Amino acid sequence: NMSAGRPFRGCACFFTDNIFVGRFGLHVRYRDGPQLRRDHGRALRERGCRSEEQFQEVLREIEAEVQRRKELIHRSVERRAIISKCYKPKHPEVYTLQDSFLAPEFLEIVRFCTSPGADLQGLLSYLESFSDKRIYRLPVFTEEFCQAFVDELENFEQSDMPKGRPNTMNNYGVLLNELGMDEPFLTPLRERLLPITALLYPELGGACLDSHKAFVVKYSLHEDLDLSSHYDNAEVTLNVSLGKEFTEGNLYFGDFNQDPTPVPKYIEVEHVGGHGLLHRGGQIHGALPIASGQRWNLIVWMRSSAIRNQLCPMCHRKPELVEAEGFGDGFTEPLGEEVPQTVNLCAL
């Protein structure tokens, strides 16, 4: 997991910024109690956090989350070792990406994008586009693969293996690096997508997405029903609907976080089995509640160290690099000398 031989890093803001207070649907920055009161007291009150007791409860929730984040790497490495040693997959074949898992139309799009003279206009004729928000839908996996993959994930979920939660906003799901899927499945999938993302998102490093974080989220009536508005720690996100049977639960998209408008226009997008949505990580989005059934989605946050090394997308500052495991959060240590601004973006 190196970018040109450089280990991946995280940004220190992971321990202080974008902490989600679930019961009040608010992301906060946290240093200590007085700062939380100063910066977020009003927003918390407006959302119903009125008593001192409620505020102290929020404080405890945030401190527990910060502690969880600090122990995350160590815990994740532990879980991965146990899973690798003790878990017996039901469908071992789904752990290694094969062409037969990919929809023929997806392979056709990749062929087009790698052909001489491929351009954005040509690519758009293969994709479904939504509004002017640069959100695109394309077939990714076959139905057979989706069924086997969900069956495997359910088998893991029902096992007594240790499980990490995908993030603060999703309690139900699976971190795919802990299942050992990063190298054999996700890296080749990300590499397959590069010719597509290079044409769609050149200014976000679409040609040099060199790392990822991938997880599967599950929504059902008695578990996570919906997902509050947020943006992703990614340059480009792939969100693939894996099934099973469900009603409602559409995704909605608002503004690009670096370009907010006074009255954001939201659009709704339905899930289509086996199809993926590509969107900019900074596009504000969420998921409406499902009404019945179970919905499983594969989320791949794809990152470009060339872009994020300049500015962390979560704190909007120059990243303060910290040690990380695996792909970390996609940052890399700077090379010896500063690179002039005229070079190819992906060579940075």
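Quick notes on the rules
- Residues numbered from 1 in each chain as written.
- Predicted model: local features only at pLDDT ≥ 70, side-chain atom pairs only at ≥ 80, totals over all residues.
- Heavy atoms only, no water.
- UniProt positions renumbered as here; feature names shortened; annotations may be inferred.
- Helix = DSSP H or I, 4+ residues; strand = E, 2+ residues; numbered from the N terminus.
- Rg over C-alpha atoms; globule rule 2.2 N^0.38 Å.
- Buried < 20%, exposed > 50% of the residue type's maximum accessible area, 1.4 Å probe, protein only.
- Contact = heavy atoms within 4.5 Å.
- Areas by Shrake-Rupley, 256 points an atom, 1.4 Å probe, with all protein chains shown as cover.
- Lys, Arg positive; Asp, Glu negative; His and termini not counted.
- Charge placed at Lys NZ, Arg CZ, Asp CG, Glu CD.
- Phe/Tyr/Trp six-rings, centres within 6.5 Å; stacked < 30°, edge-to-face > 60°.
- Lys NZ or Arg CZ within 6 Å of the ring centre and 35° of its normal.
- Expected span 1.5 Å × (residues − 1).
- pLDDT = per-residue confidence, 0-100.
- Bend = angle between axes of the 7 residues up to and from the residue.
- Axes fitted to C-alpha atoms, helices over the stretch in contact; angles between N-to-C directions.
- Left-handed = near helix turned anticlockwise from the far one by under 90°.
- Nonpolar A, V, L, I, M, F, W, Y, C, P; charged D, E, K, R; others polar.
- Core = buried A, V, L, I, M, F, W, Y, C linked by side-chain atoms within 4.5 Å.
- Parallel < 35°, antiparallel > 145°, perpendicular 65-115°, else oblique.
- Disulfide = S-S within 2.5 Å.
- Pairing = 2+ DSSP bridges.

- In the annotation of an unreviewed UniProt entry, the protein is listed under the name OGFD2 protein and assigned to Rhabdornis inornatus.
- Looking at the protein in UniProt, the text filed under Cofactor (unreviewed entry) is "L-ascorbate".

### Observations regarding the overall build of the protein
Next up, step 1: Secondary structure assignment for the protein yields seven helices and 18 strands.
Next up, step 2: For 348 residues, the compact-globule estimate of 2.2 N^0.38 gives 20 Å, and the C-alpha radius of gyration of the protein, at 20 Å, lies within 12% of that figure.
Next up, step 3: Across the 348 residues of the protein, 52% fall into the buried class.
Next up, step 4: Partitioning the intrachain contacts of the protein with sequence separation of at least 6 by distance along the chain shows that 78% fall at a separation of at least 24.
Next up, step 5: Accessible surface computed for the protein: about 16,500 Å², of which carbon and sulfur atoms make up 52%.
Next up, step 6: The average position of the 39 basic charges and that of the 50 acidic charges among the side chains of the protein differ by 5 Å.

### Quick look at unusual backbone geometry
Next up, step 1: Phi at N18 takes a positive value of approximately 55 degrees, unusual for a residue other than glycine.
Next up, step 2: Here the phi dihedral of R134 falls at roughly 60 degrees; this positive angle occurs in a residue that is not glycine.
Next up, step 3: With respect to the helices and strands, R134 occurs in the loop between β5 (128-130) and β6 (135-139).
Next up, step 4: Taking relative accessible area as the criterion, R134 reaches 23% and is therefore assigned partly exposed.

### Quick notes on the packing of aromatic side chains
Next up, step 1: If you walk through the whole model with that rule in mind, you get 13 aromatic pairs.
Next up, step 2: Aromatic side chains F215 and W301 sit 5.2 Å apart centroid to centroid with 90 degrees between the ring planes, which places their arrangement in the edge-to-face category. Of this pair, F215 sits in strand β8 (residues 211-220) while W301 sits in strand β16 (residues 290-303); the two residues are 86 residues apart in sequence, bridging distant segments of the chain.
Next up, step 3: For F215, a relative accessible area of 2% translates into the label buried.
Next up, step 4: Three or more aromatic residues joined by ring pairs make a cluster, and in this case those are F101, F141, F145, F149 and F185.
Next up, step 5: One Lys or Arg, R280, reaches over the ring of F256 and ends 4.0 Å from the middle of that ring.

### Some remarks on helix α5 (residues 143-158)
Next up, step 1: With 16 residues, α5 extends 23 Å from end C-alpha to end C-alpha; this agrees with the ideal 22 Å at 1.5 Å per step.
Next up, step 2: Residues of α5 that are buried: F145, C146, A148, F149, V150, E152, L153, E154 and F156.
Next up, step 3: On its buried side, α5 packs onto α2 (52-86), β7 (173-175), α6 (182-200), β8, β10 (236-243) and β16.

### Digging into the confidence of the model for the protein
Next up, step 1: Of the residues in the protein, 90% have a pLDDT of 70 or more, and the chain-wide mean is 89.
Next up, step 2: Of all secondary-structure elements in the protein, the lowest mean pLDDT belongs to strand β1 (residues 2-3), at 48, while helix α3 (residues 104-113) reaches the highest, 98.
Next up, step 3: pLDDT under 50 marks residues 337-343. Its contacts with residues more than four places away, or in other chains, come to two contacts.

### Concerning α2
Next up, step 1: Remark: the principal bend of α2, roughly 55 degrees, maps to L72.
Next up, step 2: When we look at burial in α2, the residues that qualify are F55, V58, L59, I62, E65, V66, R69, S76, R79 and I83.

### Observations regarding the packing of helix α1 (residues 33-46) against α2
Next up, step 1: Contact pair α1 / α2: the axes reach a minimum separation of 12 Å and the direction vectors enclose 120 degrees. Crossing geometry of α1 relative to α2 is assigned as right-handed. Of the residues in α2, those touching α1 at G33, L36, R37 and L44 are E52, F55, Q56, V58, L59 and I62.
Next up, step 2: Partitioning the contact of α1 with α2 into residue classes produces six nonpolar, two polar and two charged.

### Re the environment of R45
Next up, step 1: By the secondary structure assignment, R45 is in helix α1.
Next up, step 2: Of the residues examined, R45 reaches a relative accessible area of 46% and is grouped as partly exposed.
Next up, step 3: As for R45 and P162, which are separated by 117 residues in sequence, their C-alpha atoms are 37 Å apart.

### What about the nonpolar core?
Next up, step 1: By size, the foremost hydrophobic cluster in this structure holds 54 residues, and its most contacted members are F141, L176, L179, I196 and L242.
Next up, step 2: Residue contacts for L176: discarding those within four places in its chain leaves F149, L153, M181, D182, L186, A214, F215, V216 and L298.
Next up, step 3: The next biggest cluster of nonpolar side chains, apart from the first, holds 14 residues, and it includes V21, F24, C49 and F55.

### Some remarks on the packing of α3 against α6
Next up, step 1: Where α3 contacts α6, the axes come no closer than 9 Å and their chain directions differ by 60 degrees. Classed by the angle they form, the pair α3 and α6 counts as oblique. The way α3 lies across α6 gives a crossing that is left-handed. Along its contact with α3, which presents F106, L107, I109, V110 and C113, the element α6 presents R192, L193, P195, I196 and L199.
Next up, step 2: Here the contact of α3 with α6 is composed, by residue class, of nine nonpolar, no polar and one charged.

### Re the state of the cysteines
Here, disulfide denotes a covalent bond that connects the sulfur atoms of two cysteines.
Next up, step 1: Scanning all chains against the criterion turns up zero disulfides.
Next up, step 2: In this model C312 remains outside any disulfide bridge; the closest cysteine sulfur is found in C315, 3.7 Å from its own.

### Thoughts on the pairing of β10
Next up, step 1: Burial analysis of β10 places eight of its eight residues in the buried class, which makes it a mostly covered element.
Next up, step 2: Where β10 and β16 come together, seven bridges link them in antiparallel fashion. Note that in β16 the partner of L238 across the bridge is V300.

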